[in-house]
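Fold and contact review
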Amino acid sequence: MTILAASSADFREAGRRLFALSCDFEWAASSIEGLPPPGAPEIAFAGRSNVGKSSLLNALTGRKALARTSHTPGRTQQLNFFSLGGRLRLVDMPGYGYAAASRETVAAWTQLMQLYLRGRTPLVRAYLLVDGRHGLKEADQQMMEGLDKAAMSYQVVLTKRDEVRKSEQAERVAATEAALAKRPAAYPEIFFVSSRTGEGIEDLRAAIARLLHEHGGGTADSNG
Ligand SMILES: Nc1nc2c(ncn2[C@@H]2O[C@H](COP(=O)(O)OP(=O)(O)OP(=O)(O)O)[C@@H](O)[C@H]2O)c(=O)[nH]1
Ligand SMILES: [Mg+2]
């Protein structure tokens with residue numbers, strides 16, 4: 001959960017600036033043929049239905065209703081692309097595991113996500129959101145299995161931190177990190193965030209700014 005000390009302040013500032021850029025809905029895809037032409041680097045938010053993917057996108061960008069959220073699992077039904085100042089694309093994905101949708105529909109979403117995650121050139125990292133109240137579930141293990149096989153790098157973000165007792169938080173992080181140690185494509189470091197209170201959001205913004213920097217996107221303050 002820590003960012004390397006050497007330039008952490010720089011990346012925090014870069015993250016703040018990056019996510020202060022305007023963010024707009026750009027494209028929705030419901031099939032692999034329907035993806036937008038490659039443009040800016042992409043990061044994708046994947047995870048079980050209702051884990052808080054769309055809420056996290058809103059928290060990162062500081063917009064209440066950029067991505068649609070709901071109490072009902074299965075709110076996000078396409079790959080939704082949001083452009084962050086033309087520098088980065090944020091991709092909100094449908095959930096897996098369970099959803100208030102038909103078996104066929106869920107199977108179609110799952111296939112689309114897998115095709116996207118395995119073969120999308122501009123995709124630089126998948127963030128795999130895991131409910132911080134429960135930790136890794138079988139459906140998450142299956143998702144990681146697929147990402148490992150595809151050698152697609154991913155990083156776990158535990159969500160809903162506000163609903164996890166302080167005394168349980170370290171334990172949840174330790175158990176999750178231990179499970180990830182066996183996963184070849186997983187980043188060992190994880191995040192623990194709350195979209196509701198904003199805890200951990202600055203850290204994640206900083207890490208995304210660093211990632212973009214490493215992928216040739218420059219620092220967020222390079223042009224002003
Ligand atoms: N307490 C708490 N609730 C959260 C948090 N993030 C999301 N939620 C709630 O979790 C529910 C699902 O949030 P969404 O952001 O729609 O989840 P999603 O992963 O996009 O769901 P699908 O699109 O259906 O897969 C909503 O009721 C949110 O208010 C959080 O940080 N804390
Ligand atoms: Mg959603």
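The text that follows walks through the structure, step by step, so that each part is easy to find.

The rules behind each value
- Residues numbered from 1 in each chain as written.
- Chains lettered and ligands numbered in written order.
- Predicted model: local features only at pLDDT ≥ 70, side-chain atom pairs only at ≥ 80, totals over all residues.
- Near = placed C-beta within 6 Å.
- Helix = DSSP H or I, 4+ residues; strand = E, 2+ residues; numbered from the N terminus.
- Nonpolar A, V, L, I, M, F, W, Y, C, P; charged D, E, K, R; others polar.
- Buried ≥ 20, exposed ≤ 12 C-beta atoms within 10 Å, placed from the backbone.
- Pairing = 2+ DSSP bridges.
- Expected span 1.5 Å × (residues − 1).
- Contact = placed C-beta atoms within 7 Å.

Quick look at the site of ligand 1
With respect to spatial proximity, 24 residues lie near ligand 1, and among them Gly52, Ser55, Thr69, Thr76 and Gly95 are the closest. By residue number, the principal contributor to the shell around ligand 1 is helix H2 (residues 53–61), which donates three residues. The residue makeup of the shell around ligand 1, split by class, is three nonpolar, 15 polar and six charged.

Let's talk about the pairing of strand E5 (residues 123–131)
Each regular strand displays side chains that alternate between the two surfaces of the sheet. Here E5 lies mainly inside the structure; eight of its nine residues are buried. The pairing of strand E2 (residues 42–47) with E5 spans six bridges and is classified as parallel. Bridging across to E5, Phe45 finds its partner in Tyr127. Here E5 pairs with strand E6 (residues 154–159) via six bridges, running parallel. Residue pairing in the sheet places Tyr127 in a bridge with Gln155 of E6.

Focus: helix H6 (residues 201–217)
For H6, which comprises 17 residues, the first-to-last C-alpha distance of 21 Å sits more than 12% below the rise-based estimate of 24 Å (1.5 Å per residue). By the burial criterion, the buried members of H6 are Asp203, Leu204, Arg205, Ala206, Ala207, Ile208, Ala209, Arg210 and Leu212. Structurally, H6 contributes buried residues whose contacts are with helix H1 (8–20), E2, H2, strand E4 (88–92), E6 and strand E7 (191–192).

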